[in-house]
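# Structural overview for review
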Amino acid sequence: MTESEEPVRDDHAELLRRRALTEDAARPDAVDRRHAANGRTARENLDDLVDAGSFVEYGRFAIAAQRHRRDLDDLIARTPADGLIAGTARINGDLFGEQRSACAVLSYDYTVLAGTQGALGHRKKDRLFELIERMRLPTVFFAEGGGGRPGDTDYPVVSALDARAFKLWAALSGVVPRIAIVKGRCFAGNAVIAGCADLIVATEDASIGMGGPAMIAGGGLGDVAPDDVGPIEVQAPNGVVDVVVADEAEAVAATKRLLGYFQGVTAPGAVADQTRLRTIVPERARRAYQVAPIIETLADEGSVTFLRPKFAPEMVTALARIDGRPVGVLANNTMVMAGAITAAAADKAARFLQLCDAFGLPVVSMVDCPGYMVGPAAEAEALVRRGSRMLVAGAALEVPLIAVILRRGYGLGAQAMTGGSLHEPLLTVAWPGAHLGPMGLEGAVRLGLRKELEAIADDDEREERVRQATAAAQENAKALNAAQLFEIDDVIDPADTRKLIIDTLTAATAHTPRREGRRFVDTW
């Protein structure tokens, strides 16, 4: 008799029966409802995300803590894993090998009590979060769900505020990269799971909020439909969501790509024609242009992912690969606010710098900045504090920073884009048409010649004097003049930019050990 023909012991048969009840096939009605709502099940998402056969599940046999109010067999059949599937796995193993692809994955199961957070689910999170810290596992968390579950009755509670899961999850900030995926409704504690993550990928039908409709109504704030609490039309422009996708399949693909930036170096990708960079920036200083094509030309083809593109669009943040090496890219977008740094742009940039620094990603800063936005409206946005935050984040950088002045590098804004000073980056170069100055040139002229200009009675004559002085200042502000005084390291052929970045990063990382310790990444 072969091993496969041996009779199955009763205990083994019971294990197989109970194990089958945790699979989607045991609940076809719930699966059908999920599919009818244009969603995938938690296990379908995990199967798509992780490398085949690599998932090690924890707490598969947990059930909802409702034995006092529901039949045990019903709980076993209807609340598998207590609505939270969790374990370790590998992602992108074909690119990074077994060790670097190791990760943790967790997913609320919306087909089980609407993905709410149960008593055993909290214990399971506690267990996984502690293991994640011990094993230093990058983590992906599918966060869809309705928040806390008041129906669990097996454990006596008054407030349940002693739950440690949120502290443990927040404490992983800066320890391991964490990506949250949100499809559909994500409220209260589920939203906090997403909000504490380093990156949020959300589908177009997502609604994310610190409280759901019941909490809103209970607070006397009226009746709000679930999909109107925090729709993507709100959560993308306000900066909550980093990447918006059409559906869960795209969310998984985007997440695998994002995770890859933190998993290491790949083979170099295809390279675009670098000579196009010589003419991509307009010669006229006041003419706006798209900066995204510059980033995409410098990077390996198809490797760029833009983050929070609808939030503070005057500041561009992106992850990319250059010669296979993952980098963070910071850039001014002259199409919005002429590329000036607003309070929101400073927030966006500062958090991005923290993210790159926490996980060892070099930063390439593409500078075309007229300075910080100024004026009463800007100050009403707490610009002094929020704008200074970018300087603090830049000063704290320990990863390599390379700055490229594309056209304008003026004032404190340009300094913020270069870590606080033109000599803070490992390399600061300028393209031939670039100009640098302590502030916008015309403004500098009007300020510096104020008394002389006030003495000129004729308006036309006064403005002509301003034009002449501004033209002289423009000539003096040329990048070559700054290079003559060694304010910057070089003025380069734009077509050489990519090679200089590659060579500098090679030199910077050849003998530099990674620091010990950690820094958290702000949620905002």
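Residues numbered from 1 in each chain as written. Predicted model: local features only at pLDDT ≥ 70, side-chain atom pairs only at ≥ 80, totals over all residues. Heavy atoms only, no water.

### Focus on the sheet that holds strand S5 (residues 178-182)
Formally: Two strands pair under a simple rule: DSSP has to find at least two bridges between them. The numbering of helices and of strands both runs from the N terminus, where a helix is a DSSP run of H or I of at least 4 residues and a strand a run of E of at least 2. Each axis is a line fitted through C-alpha atoms, and for a helix only the stretch in contact is used; angles between axes span 0 to 180 degrees, taken between their N-to-C directions. It only takes one pair of heavy atoms within 4.5 Å for two residues to be counted as in contact.
Strand order in this open sheet of seven strands is S1-S2-S3-S4-S5-S7-S9, and the pairing throughout is mixed. Of all strands in the sheet, those bounded by a partner on one side alone are strand S1 (56-58) and strand S9 (243-245). The mean angle between the axes of side-by-side strands here comes to 20 degrees, regardless of whether they run parallel or antiparallel. Packed on one face of the sheet, helix H6 (residues 119-135) meets S1, strand S2 (84-90), strand S3 (102-108) and strand S4 (139-142) and runs near 20 degrees to S2. Taken strand by strand, helix H11 (residues 248-263) contacts S4, S5, strand S7 (199-203) and S9, and its axis lies near 165 degrees from that of S7.

### Structural notes on the domain arrangement of the protein chain
For the record, the criterion: The split into domains, and so the bounds of each, comes from an automatic or database assignment of domains.
Under the domain assignment, the protein chain is made up of domain 1 (10-261), domain 2 (266-434 + 478-510) and domain 3 (439-477). Between the C-alpha centres of domain 2 and domain 3 the distance comes to 30 Å.

### Let's talk about the packing of helix H13 (residues 343-358) against helix H15 (residues 383-395)
Where we set the bar: Angles below 35 degrees are treated as roughly parallel, those above 145 as roughly antiparallel, those between 65 and 115 as roughly perpendicular, and all remaining angles as oblique. By definition, turning the near helix anticlockwise from the far helix through less than a right angle yields a left-handed crossing, and turning it clockwise yields a right-handed one.
Look at H13 against H15: their axes get within 8 Å of each other, and the N-to-C directions meet at 25 degrees. As the angle between them shows, H13 and H15 are arranged roughly parallel. Handedness of the crossing formed by H13 with H15: left-handed. Across from Ala343, Ala344, Ala346, Asp347, Ala349, Ala350, Arg351, Leu353 and Gln354 in H13, the residues of H15 making contact are Leu383, Arg386, Gly387, Arg389, Met390, Ala393 and Gly394.

### Re the environment of Gly324
Operational definition: Partly exposed residues are those whose accessible area sits between 20% and 50% of the maximum for their type, while under 20% is buried and over 50% is exposed, using a 1.4 Å probe and protein chains only.
Mapping Gly324 onto the fold places it in the loop between strand S11 (315-322) and strand S12 (325-332). Given a relative accessible area of 0%, Gly324 falls into the buried group. Every residue in contact with Gly324, bar those within four places of it in the chain, is listed here: Gly264, Val265, Thr266, Ala267, Pro268 and Asp300.

### Some thoughts on the pairing of S12
The element S12 is largely enclosed, with a buried count of seven among its eight residues. Judged from the eight bridges that link them, S11 and S12 form a sheet pairing that is antiparallel. Along S12, the bridge assignment pairs Leu319 with Gly328. Where S11 folds back onto S12 in an antiparallel hairpin, the turn is made up of two residues, including Asp323, whose phi is positive at roughly 60 degrees.

### Quick look at the packing of aromatic side chains
Quick reminder of the rule: To pair, rings of Phe, Tyr and Trp, with the six-membered ring standing in for Trp, must have centres within 6.5 Å; the planes then decide the type, stacked if under 30 degrees apart, edge-to-face if over 60, and tilted in the middle. Charge-over-ring placement is defined geometrically: NZ (Lys) or CZ (Arg) within 6 Å of the ring centre, and within 35 degrees of the ring normal.
Under the criterion given, the structure shown has five aromatic pairs. One aromatic cluster is present, formed by Tyr108, Phe129, Phe141 and Trp169 through successive ring pairs. Cation over ring: Arg178 sits above Trp169, and NZ or CZ is 4.7 Å from the ring centre.

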